[in-house]
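This is what each chain is made of:
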Amino acid sequence: MNAQKFPHTIIVGAGFGGMETARRLVNAPVQITLIDRHNYHLFQPLLYQIAIAGLVPSQIAYPLRTIFRRQKNLTFHMGEVTAIDFESRYVKMDGSVMAYDYLVLAIGGQTNFFGMSTVEQNSFQLKNIESAVSTRNHLLEMFEKASREVDVDRRKALLTFVVVGGGPTGVETAGALAELITHVMAKDYPQMDLKDVHVLLMEATDHLMGNYPDELRKATIDLLRSKNVEVLLNTKLSNYNGRQITLGDGTQINTHTLIWTAGVQAAELTNRLGVQQAASGRVRVEPTLQLPQHPEVFIIGDAAYLETGEGQPLPMLATVAQQQAKVTAKNIQRILEGRSPEPFHYKDPGLLATIGRNAAVARIWGLSFSGFSAWVIWVLLHIYRLIGFRNRLVVLINWAWDYFFYDSQVRLITRE
Ligand SMILES: Cc1cc2nc3c(=O)[nH]c(=O)nc-3n(C[C@H](O)[C@H](O)[C@H](O)COP(=O)(O)OP(=O)(O)OC[C@H]3O[C@@H](n4cnc5c(N)ncnc54)[C@H](O)[C@@H]3O)c2cc1C
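Residues numbered from 1 in each chain as written. Predicted model: local features only at pLDDT ≥ 70, side-chain atom pairs only at ≥ 80, totals over all residues. Heavy atoms only, no water.

### Re the site of the ligand
Right, on to step 1. Within the structure, the ligand sits among 27 residues, and Gly-17, Asp-36, Gln-44, Val-81 and Asp-302 are positioned closest to it.
Right, on to step 2. Interatomic distance of 3.3 Å between a side-chain N/O atom of His-38 and an oxygen atom of the ligand.
Right, on to step 3. Asp-302 places a polar side-chain atom, nitrogen or oxygen, 2.8 Å from an oxygen atom of the ligand.
Right, on to step 4. Across the complex, the protein chains shield 90% of the 1000 Å² of accessible surface that the ligand would expose by itself.
Right, on to step 5. Looking at the shell around the ligand, the elements that each hand over two or more residues are helix H1 (16–24) and helix H9 (318–336).
Right, on to step 6. For the shell around the ligand, the element with the most residues is H9, which contributes three residues. (Near = heavy atom within 4 Å. Polar contact = N/O pair within 3.5 Å; in protein donor to acceptor, adjacent residues only side chain to side chain. Areas by Shrake-Rupley, 256 points an atom, 1.4 Å probe, with all protein chains shown as cover. Helix = DSSP H or I, 4+ residues; strand = E, 2+ residues; numbered from the N terminus.)

Structure representation (structure tokens):
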């Protein structure tokens, strides 16, 4: 069978949506080119574990050439797609041009600083391996600096860690950071007075965990406070110069660390496509996930804008991207068979977020629960969702070690 005769399907982005689309097309009569700027698939939900020195990058990332080694109808290229010509049907990648019959754009999102340039310049973010590793280096360095700082106020500023954004990423980061300090750093720095250390979680609205039910929002706050995280609701940040946060009401907080988790927008490439964009720069797609006027183009995941039956935008979640990938792969095959594509309907699998050791909040099958049982589900689900048996095993061993010995293996400060 000569694969070259099959329609050429380019998938841009090998995150949750792109990787799942490629896998689902394994037996389809298409020749696939998968493109990503990285040579690995990254499990973003565990990025915060890199930042808090719980895991190393190779445990949550997996080489794409290994993942697709056996998929005969797929070729992988590492490169940056810089432009797309929808009329002539080609993509530009690192100066070369590649024609397609079908195109799947699964390019994901990037951090949204809402135009606050000083915050963008001076804060840390959790979006890729590089940003998570620099956050880890910085956090650990603050303890080193604080350990030799004699001035009380300067030491306090070094040991004040502010996380902005009360969604799952902010909550998980603040909870895990507080535990790293209490269980691990306190042992590494026996002279350190824990009273000098502050972990603050700031949120602009009056609640954490926006799309969670009230009982879980409350449980989240209680769990965070039990781990010594100071939760500041209704708190808007207006400036951060790298040393001092200024709040909307003029209050100032001295800190060297601001971790920004308060916003996501579609990947930068979407702004250069000349297509209709909606909130957060996401590209408006048809219910079938096709680009209007271009039925051969599918846009999925964080980069796509589609509303639920209730008129709400679909959340920027891995589960949405993966379910859309399934429908996209099916729709490409339906079109090849001369059938009409099907609309996408999101099936909400529930909500789950961890707040450090033995603590998580979950909403599954319409039931809310929190605490140890939710935490066990979180651990098992995240181990299961990681790519590759080796990664699963290593992460399991790592977490078991940390759990039983109150330790964290990766407290390395590396130079970038
Ligand atoms: C810290 C963090 C925690 C999260 N936690 C959760 C969670 O617990 N549960 C959950 O469901 N979701 C979570 N999410 C959201 C989830 O990761 C995203 O919704 C999901 O990754 C979106 O999938 P995607 O395929 O659209 O994009 P991605 O998975 O982001 O993949 C996009 C890919 O496109 C590539 N790319 C982008 N532009 C180009 C270009 N121009 N050229 C070449 N390649 C390009 C990128 O390198 C990337 O590999 C989290 C996100 C973050 C950042």
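There is more to say, and it comes next.
### Re the sheet that holds strand S17 (residues 252–254)
Right, on to step 1. Read from one edge to the other, the open sheet built from three strands follows the order S15-S16-S17, with strand pairing classed as antiparallel. Looking along the sheet, the strands with just one partner apiece sit at the ends: strand S15 (237–240) and S17. Neighbour-to-neighbour, the strand axes of the sheet open up by a mean angle of 20°, direction not taken into account.
Right, on to step 2. With three bridges connecting them, strand S16 (residues 244–247) and S17 associate as antiparallel partners. Bridged to Ile-245 within S17 is Ile-253. (Pairing = 2+ DSSP bridges. Axes fitted to C-alpha atoms, helices over the stretch in contact; angles between N-to-C directions.)

### As for a nonpolar patch on the surface
Right, on to step 1. On the surface, Ile-377, Leu-381 and Tyr-384 cluster together into a nonpolar patch covering about 300 Å² of accessible area.
Right, on to step 2. The topology assignment puts Ile-377 in helix H10 (residues 372–385).
Right, on to step 3. Judged by its relative accessible area of 31%, Ile-377 is partly exposed. (Patch = residues over 30% accessible without salt bridge, like charges linked within 9 Å, V, L, I, M, F, W, Y side chains within 5 Å. Salt bridge = Lys/Arg side-chain N within 4 Å of Asp/Glu carboxyl O. Buried < 20%, exposed > 50% of the residue type's maximum accessible area, 1.4 Å probe, protein only.)

### What to know about the pairing of strand S8 (residues 96–99)
Right, on to step 1. Of the pairings in the sheet, the one linking strand S7 (residues 90–93) to S8 comprises four bridges and is antiparallel in character. Paired with Tyr-90 across the two strands is Ala-99, which belongs to S8.
Right, on to step 2. Linking S7 back to S8 in an antiparallel pair, the connection comprises two residues, with Asp-94 at a positive phi of about 45°.

### What to know about the sheet that holds strand S13 (residues 198–202)
Right, on to step 1. Taken together, the five strands give an open sheet; going across it, the order is S11-S18-S12-S13-S14, and neighbouring strands pair in parallel fashion. Where the open sheet ends on each side, the last strands, each with one partner, are strand S11 (124–125) and strand S14 (229–232).
Right, on to step 2. Inspection of the sheet shows strand S12 (residues 160–164) paired to strand S18 (residues 257–260) by four bridges, in the parallel sense. Across the sheet, residue Phe-161 finds its bridge partner in S18, namely Thr-257.
Right, on to step 3. Contacts from helix H7 (residues 168–188) reach S12, S13, S14 and S18 within the one sheet, and its direction differs from that of S13 by about 175°. (Contact = heavy atoms within 4.5 Å.)

Just geometry here; none of it tells us what the structure is for.
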